[in-house]
Amino acid sequence: MQLELKQTPLYQIHKELGAKMVPFGGWDMPVQYTGIIQEHSATRTHAGLFDVSHMGEIFITGSEADILSLLEKTTCNQISSMYDGQVQYNAVLNENGGLVDDITVYRFSSTKYMICSNASNYPAVAAHLQKYVSGNCKVEDVSKDWHQIALQGPNANQILENYLGKDLKGLLYYHFIELELNGETIILSRTGYTGEDGFEIYTSHSLGLKLWNELLVQGKDLGLVPVGLGARDTLRLEAKYPLYGHELNAEWSPVESGIGFIVKEKNPPYFAYDRIQKDKKENPKKKVVGIILQEPGVLRENFPVFSSDGKEIGKTTSGTHSPTRKESLGLAMLDFEFTKNQTEVFVEIRGQKKKAKVETGAFIKGSVRNQK
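- Going by what an unreviewed UniProt entry lists, the chain is known as Aminomethyltransferase and is assigned to Leptospira kobayashii.
- UniProt annotates the chain under Catalytic activity (unreviewed entry) with the comment "N(6)-[(R)-S(8)-aminomethyldihydrolipoyl]-L-lysyl-[protein] + (6S)-5,6,7,8-tetrahydrofolate = N(6)-[(R)-dihydrolipoyl]-L-lysyl-[protein] + (6R)-5,10-methylene-5,6,7,8-tetrahydrofolate + NH4(+)".
- If you open the UniProt record of the chain and go to Function (unreviewed entry), you find "The glycine cleavage system catalyzes the degradation of glycine."

Here's what the structure looks like:
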């Protein structure tokens, strides 16, 4: 029996805008409005507006010591090094060192944090954290109360400054502020999933709908368009951002998944500490890396990858034709000895082995890189 898909508060507006809707993580979401390539290019050159209100918001409150005890045990990045107004990329670990989800952590104060989690995973993240909570610490899944949209692209800052009448240049990459808008306190963070500069905006449902409509009008002359999941995927792939269920899962460690840069040494340790630290210090047996196809074809997920002598060495985890680079690129989980930059590999596409090369550097240089 097929479960009924959930709808975001913007569902009817998407239909009115002519969006093609598809199932995603249990939600009925827009995959495109006018076309994936057009929406992708608009975000790279001007600006795109994304409905991400299917994402989850989880608040952790209580005493500083008990919050840190919970979060340091269950995540691999260093929570105690965070300061007020900072956003941190992190991952929630299961007991075996695999991932429950990759997340962003918002620190409001030493006694209040928020986690933003993926649409299909936030119930599992909340349940996992609640399982290990102790003392004066409270974990609340408040996703149903929050609305989230993302404004991304080189013109995002100017569009939002014009709308708010507020200078936002002082809001640094991976930082956030709270501000008053229409009688409520909203959360505005300079974060995103495209490789471009931009913002994620957390509000009530009613204000989220108002913001969506008014930003599209405000930003029209600066090239702002609504963007669906299709371009969201091509944008994140060009930026080499992982996606749960593709590069991230319950079995692979953060290092194997290609996000080892967030793995820190901690005392007391987090789950599967020895396994994860061994992966980082001695290199894992396999790892996710970027690959670029050198022959005609398009990379997709689950294509077998071979070495030059015909040995199967892994599989693609994601792939697309890059609208920016005009070539096919993707991510692949490969045996570690084949993960060095520019290593020649072969991807089997429809029974034919196509030449490709490993790319450990950036696929694109988005405007967000100027914020770091």
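**Some points on the sheet that holds strand E19 (residues 344-349)**
Across a sheet, strands are paired by hydrogen bonds formed along the backbone, either parallel or antiparallel in direction.
Link 1 in the chain: Taking strand neighbours around the barrel as the criterion, the six strands line up as E15-E18-E17-E16-E19-E20 in a closed arrangement whose pairing is antiparallel. Looking at each pair of strands side by side, their axes are set apart by 45° on average, direction ignored.
Link 2 in the chain: Bridge count for strand E16 (residues 304-306) against E19 is two bridges, and the pairing is antiparallel. Across the sheet, the residue bridging to Phe306 is Phe346, located in E19.
Link 3 in the chain: Contacts from helix H7 (residues 229-238) reach strand E17 (312-322) and strand E18 (327-335) within the one sheet, and its direction differs from that of E17 by about 120°.

**Concerning helix H4 (residues 122-132)**
Link 1 in the chain: Within H4 the residues assigned to the buried category are Tyr122, Val125, Ala126, His128 and Leu129. All buried residues of H4 project into a common sector of 165° when viewed along the axis, lining one side.

**Some thoughts on the UniProt feature "domain: Aminomethyltransferase C-terminal" (unreviewed entry) in the chain**
Link 1 in the chain: Under the present numbering, the feature "domain: Aminomethyltransferase C-terminal" (unreviewed entry) in UniProt falls on residues 286-363.
Link 2 in the chain: Between the C-alpha atoms that bound residues 286-363 the distance is 21 Å, and the span itself is 0% helix and 58% strand.

Parameters and conventions
All residue numbers refer to position in the chain's written sequence, counted from 1. pLDDT decides what is reported in this predicted model: residues at 70 or higher carry local features, side-chain atom pairs at 80 or more are listed and counted, and totals for whole chains, interfaces and linings draw on all residues regardless. Calculation of side-chain values draws on the structure's entire complement of heavy atoms; hydrogens and water are dropped beforehand. UniProt positions are given in the numbering used here, feature names are shortened, and annotations may be inferred rather than shown by experiment. Following DSSP output, two strands are said to pair if at least two bridges run between them. Numbering of helices and strands runs from the N terminus, with a helix taken as a DSSP run of H or I at least four residues long and a strand as a DSSP run of E at least two residues long. Helix axes are fitted only over the stretch in contact, all axes being lines through C-alpha atoms; the angle between N-to-C directions runs from 0 to 180 degrees. The contact criterion used is simple: two residues touch if any of their non-hydrogen atoms lie within 4.5 Å. A simple rule labels every residue: compare its accessible area, found with a 1.4 Å probe on the protein chains alone, to the largest value its type can have, and call it buried under 20%, exposed over 50%, or partly exposed in between. Each direction from the helix axis to a C-beta atom contributes to the arc, which is the arc of those directions.

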